Amino acid sequence: MKKLFMTLLLLICATKAFCQLNYPLNINDMAQIKFPGTPIERSMPGKLVVYAYQGIQQGYVVQAAHLKKPTIGPSASDIRDDFFNDQIKLEIDALKGTLLYKKNIQIDGVNGVEYSYNFVIQNVKIYNYNRFVFLNEVGIDYYIMSREPLKQEDKVLNDYFNSFKITISKKNINSLK
């Protein structure tokens, strides 16, 4: 019985330690986020860099893409909302997904958007939980992919999202108002 207890205790501690976000990633020298393991980096055409880590239950992804700042619109909030909506629509349409929710939020003091959608790939339903922020002509989309739906108060989801920090000074940020 004592051996069984010690084995279970070790497994619980190892699982808890494994789920911690210990690997910081610098994103274009503007922001930082933590992954539970070492992410793989891929450069894509169009000045897009993707960082990804596949965990046991979820996949963790950051995409950083150089984008032109929008300038047309009757007000700053309309420009921001149209820009965010266009980015979300492009992503969801490419995967033939369904938007589950979207809301404007503050991400480390900067206007951003949080949204979730699902899509089917190879007969498997995938749930994406995203946050997107635009800094100095770089769109940063960071998200978790899961086969199971997650609640907004899920610890894994919130730990990952809350590990995102903008590392440049606020006075040097050019973002959407």
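Computed from a predicted structure; not experimentally measured.

Peer 1: I'm lost on the sheet that holds strand 10 (residues 165-166) in this one. Help?
Peer 2: Paired through their backbone hydrogen bonds, the strands of a sheet run either parallel or antiparallel. Spatially, 3 strands are ordered 1-2-10 in an open sheet, and the strand pairing comes out antiparallel. On the outer flanks of this sheet lie strand 1 (23-27) and strand 10, each paired with one strand and no other. For strand 2 (residues 31-35) and strand 10, the ladder comprises 2 bridges, and the chain directions are antiparallel. Residue Ala31 lies in a different strand from strand 10, and its bridge partner there is Ile166.

Peer 1: I tried to follow the nonpolar core on my own but got confused; where do I start?
Peer 2: Side chains of a nonpolar character, in soluble globular proteins, are inclined to be buried together. Membership of the largest hydrophobic core comes to 32 residues, with the highest contact counts inside it found for Ile140, Tyr160 and Phe164. Listing elements by their share of this core, those giving two or more residues are strand 1, strand 2, strand 4 (48-54), strand 5 (58-66), strand 6 (98-107), strand 8 (124-135), strand 9 (138-146) and helix 3 (155-162). When near neighbours in sequence (up to four residues on either side) are disregarded, Tyr160 contacts Leu21, Ile33, Lys34, Phe35, Tyr60, Val61, Val62, Tyr142, Tyr143 and Ile144. Counting 14 residues, the second largest nonpolar core, distinct from the first, contains Leu67, Phe84, Tyr115 and Leu176.

Peer 1: Before we go on, may I ask you to explain the packing of aromatic side chains in this structure?
Peer 2: Each pair of aromatic rings is reported with the distance of its centres and the angle of its planes. In this structure the tally under the stated criterion is 13 aromatic pairs. Ring geometry for Tyr53 and Tyr60: centres 6.3 Å apart, planes at 45°, overall tilted. On the basis of relative accessibility, which here comes to 15%, the residue Tyr53 falls in the buried class. Measuring from ring centre to ring centre gives 5.7 Å for Tyr142 and Phe161, while their planes differ by 85°; the resulting arrangement is edge-to-face. With Tyr142 in strand 9 and Phe161 in helix 3, this pair connects stretches of sequence that are 19 residues apart. Taken together through their ring pairs, the aromatic side chains of Phe35, Tyr53, Tyr60, Tyr142, Tyr160, Phe161 and Phe164 make up a single cluster.

Peer 1: Would you take a moment to explain the side chain of Glu114 for this structure?
Peer 2: You can see Glu114 is positioned in strand 7 (residues 110-121). Accessibility expressed as a relative area gives 6% for Glu114, which makes it buried. For Glu114, the side chain forms a polar contact with the side chain of Tyr101, separated by 3.0 Å. In this structure, Glu114 is in contact with Tyr101, Lys102, Lys103, Ile105, Asn130, Arg131, Gln152 and Phe161, ignoring residues within four places of it in sequence.

Peer 1: Before we go on, may I ask you to explain the sheet that holds strand 7 in this structure?
Peer 2: Read across the sheet, 7 strands follow the order 3-4-5-9-8-7-6 without closing on themselves; strand pairing throughout is antiparallel. Strands at the two margins of the open sheet, each flanked by one partner only, are strand 3 (40-44) and strand 6. Direction aside, the axes of adjacent strands within the sheet are offset by 20° on average. Pairing of strand 8 with strand 9, which is carried by 9 bridges, proceeds in the antiparallel orientation. In the strand pairing of strand 9, Phe132 is matched with Asp141. Sheet contacts for helix 2 (residues 76-95): strand 6, strand 7, strand 8 and strand 9; angle to strand 7, the most-contacted strand, approximately 15°. Contacts between helix 3 and the sheet are confined to strand 5, strand 7, strand 8 and strand 9, with strand 9 contributing the most and set at about 165° to the helix.

What counts and how
- Residues numbered from 1 in each chain as written.
- Predicted model: local features only at pLDDT ≥ 70, side-chain atom pairs only at ≥ 80, totals over all residues.
- Heavy atoms only, no water.
- Pairing = 2+ DSSP bridges.
- Helix = DSSP H or I, 4+ residues; strand = E, 2+ residues; numbered from the N terminus.
- Core = buried A, V, L, I, M, F, W, Y, C linked by side-chain atoms within 4.5 Å.
- Buried < 20%, exposed > 50% of the residue type's maximum accessible area, 1.4 Å probe, protein only.
- Contact = heavy atoms within 4.5 Å.
- Phe/Tyr/Trp six-rings, centres within 6.5 Å; stacked < 30°, edge-to-face > 60°.
- Polar contact = N/O pair within 3.5 Å; in protein donor to acceptor, adjacent residues only side chain to side chain.
- Axes fitted to C-alpha atoms, helices over the stretch in contact; angles between N-to-C directions.

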